[in-house]
Every structure is written in C-alpha cells, then in structure tokens.
Amino acid sequence: MKKYLLALLAGVVLLLPSCDDNDGYSLGDMAVDWVTVHDKGDGLYTYTGDTWGTMWPAAAGIFGPGLEEGQRAILYFNPLADDFSGYDVAIKPEYIRPFLTKKVEELTEANEEELADHPTYFEEAWIAADYLHIEFLQKLPQTHKHRVSLVHPADEPLVAPDGYIHLQYRYNTYGDTLQTAARGLVCYRLQSLPLDEAKGIKLRVNDARKGLRELTFDKEASSGQPDLNALAEIDSRETDFQ
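Residues numbered from 1 in each chain as written. Predicted model: local features only at pLDDT ≥ 70, side-chain atom pairs only at ≥ 80, totals over all residues. Heavy atoms only, no water.

A. Structural view of the environment of Gly-200. Inspection of the secondary structure assignment puts Gly-200 in strand E13 (residues 200–207). Here the alpha-carbon distance between Gly-200 and Glu-220, two residues 20 residues apart in the chain, equals 8.2 Å. Excluding residues that lie within four positions of it along the chain, Gly-200 makes contacts with Gly-163, Tyr-164, Ile-165, Phe-217, Asp-218 and Lys-219. (Helix = DSSP H or I, 4+ residues; strand = E, 2+ residues; numbered from the N terminus. Contact = heavy atoms within 4.5 Å.)

Structure follows, in structure tokens:
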C-alpha cells in the first residue's frame, strides 16, 4: 500500500505539468505496446515496452493482479511524461492483456511422452525482446489443459554446427479435444540461450496443415508481428493450455 500511495502522489504531482501543451502528452492520449512485466512486490508492477522503453505507473489505473515477473503482455496506457524518475516514460495503465510465458525446456527420454509432438495448427511466430511468440489455433479440450512447450534436445549442443540454435515446438493434447477451435498465444523466454554466439534460431514445427517444417529466425533480420489489437482480443488465457 505504501508503494501505491507513493505512486499515486507522484501521479498527482505529475498530472499538473502534464496538461501543458509543451509537455507533448495529455490525459486523452492513448498508446499500446508489447511489454515485459516487472514485479516490484506488494502488487506493484512496472513495465519495459518494446517501443516505449521502461515505464513507471505514475497515475492510478489497472493494478494487474496475478502478473508474474518476466511475463509478456500487451499494455494499453496513457503516456504522461518522458524521463520520469529514471524511467523512460511515466504512464497511466489502462488495460493489460497478459499471455502465458514459459521457459525453454530440455527434451530427454524421461519427459519425451509428456512433451508430446502432436500436430498443431500453427499460425504465426516472431522474436522480440528475447522472447519467441507463437500464435496458434487449438481444438479446445474437454477436461485436460493442453500443453505447449518449446524444447531443446538435451543430447545436442545448444549451438549446432550450422551456427543456429535448433528448437522444437511441442504440443500435447492428452487425447482430449473438442471440435470447437480458439486462438491461443504463448511466449517463451530465450534469455537462457547463447543467442550472442549463434546466427539465429531454427524452429521445428509439426504443423497439422503443412506437416513437419522448419522456420528460420536470423539474428540480423527484423521480425514482424501480427496486429497488436487483434492479439489482445484472443480469448483463451491459460484456461485451455499450459
């Protein structure tokens, strides 16, 4: 509560000059960005935006209960002022759409069955801020959450002889599917991989429509992404997959 009171007080002080035309922002301005969540404790969160940089919630808005450190999300916010207390921008958060965020796992004989390789209705994939984002369609489960995993075979070097890090996208339906389909999106942390030593990433996918295929993400190439507003409208969130 003390941290929130400090944030609210900072917001009151900030809002007075922020209405000045010379400041560049007003209370009616809205922006949207991919962000990485930072948990400061006691329910207080700051954000690092892919475009906007570090963000401090200087005015009351959403509080984001249940967010996790390092989680990826789409954040709608009102920018208030630049260069605020060591942050790139002070904001008033308005709406956040968090997504399931996971680590890269090692694929071994022991977990081969759990990290199954069932066909997946693969849609889009892109890399940003050292995260791999994967959008997919899934036939919804009746009972068991489906499992979506990004793995690296434990018996292979992290950087292959061709200079790339070879990863596999794995999908386990547990044999439990309905005919109803929904969009899903999952984000994977890549910080544990030696990206600075590799040319990029090669991703193996068991695509339900195109069969086995490999996607290449070169480090030098820019990685596009689907429309932010469309992604924010994805309904399923950790209810149908894990």
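B. Looking closely at the side chain of Thr-120. Mapped onto the secondary structure, Thr-120 falls in the loop between strand E7 (105–107) and strand E8 (121–128). Beyond its immediate chain neighbours, meaning those up to four positions away, Thr-120 contacts Phe-136, Tyr-169, Tyr-171, Val-205, Asn-206, Asp-207 and Ala-208.

C. Main features of the nonpolar core. Within the largest apolar cluster, 25 residues are counted, with the highest numbers of intra-cluster contacts made by Leu-132, Ile-134, Val-148, Leu-167, Tyr-169, Leu-190 and Leu-203. Within the residue set of this core, elements represented by two or more residues are E8, strand E9 (131–139), strand E10 (147–153), strand E11 (164–172), strand E12 (181–189), E13 and strand E14 (211–218). Considering each element in turn, this core owes the most residues, 4 residues, to E11. Not counting chain neighbours up to four residues away, the residues in contact with Leu-167 comprise Val-104, Leu-150, Val-151, His-152, Leu-190, Leu-193, Ile-201, Lys-202, Leu-203 and Arg-204. (Core = buried A, V, L, I, M, F, W, Y, C linked by side-chain atoms within 4.5 Å. Buried < 20%, exposed > 50% of the residue type's maximum accessible area, 1.4 Å probe, protein only.)

D. The arrangement of the pairing of E13 in detail. The buried fraction of E13 is high, at 7 of 8 residues. The pairing of E11 with E13 spans 6 bridges and is classified as parallel. Across the sheet, the residue bridging to His-166 is Lys-202, located in E13. Examined bridge by bridge, E13 and E14 share 8 bridges and lie antiparallel to one another. Across the sheet, residue Asn-206 finds its bridge partner in E14, namely Leu-212. (Pairing = 2+ DSSP bridges.)

E. Region of the structure containing the pairing of E9. The element E9 is extensively covered by neighbouring structure, given that 7 of its 9 residues are classed as buried. The pairing of E8 with E9 spans 7 bridges and is antiparallel. Bridge pairing in E9 links Ala-125 to Ile-134. If you look at the hairpin formed by E8 and E9, you'll find 2 residues sitting between the two strands, and Ala-129 has a positive phi there, around 55°.

F. Seen up close, the sheet that holds E7. The mixed open sheet is built from 5 strands, whose spatial order is E7-E10-E11-E13-E14. Because the sheet does not close on itself, it has two edges, and the strands there are E7 and E14. On average, each strand axis in the sheet is inclined to that of its neighbour by 35°, with strand direction left out of account. Bridge count between E7 and E10: 3 bridges; the pairing is parallel. Residue Glu-105 lies in a different strand from E10, and its bridge partner there is Val-151. (Axes fitted to C-alpha atoms, helices over the stretch in contact; angles between N-to-C directions.)

G. Fine view of the sheet that holds E8. Read across the open sheet, the 4 strands follow the order E6-E12-E9-E8; overall the sheet is mixed. Edge positions in the sheet fall to strand E6 (100–103) and E8, since each of these pairs with one other strand and no more. The average undirected angle you get between the axes of adjacent strands in this sheet is 25°. Where E6 meets E12, 4 bridges bridge the pair, whose relative direction is parallel. Across the sheet, Lys-102 pairs through a bridge with Tyr-188, a residue of E12.

H. The arrangement of unusual backbone geometry in detail. Although it is not a glycine, Asp-42 adopts a positive phi angle of roughly 60°. As for its position among the elements, Asp-42 is in the loop between strand E1 (31–41) and strand E2 (44–49). Even without being glycine, Ser-85 reaches a positive phi, approximately 55°. By the secondary structure assignment, Ser-85 is in the loop between strand E4 (72–84) and strand E5 (87–98). A relative accessible area of 60% places Ser-85 in the exposed class.

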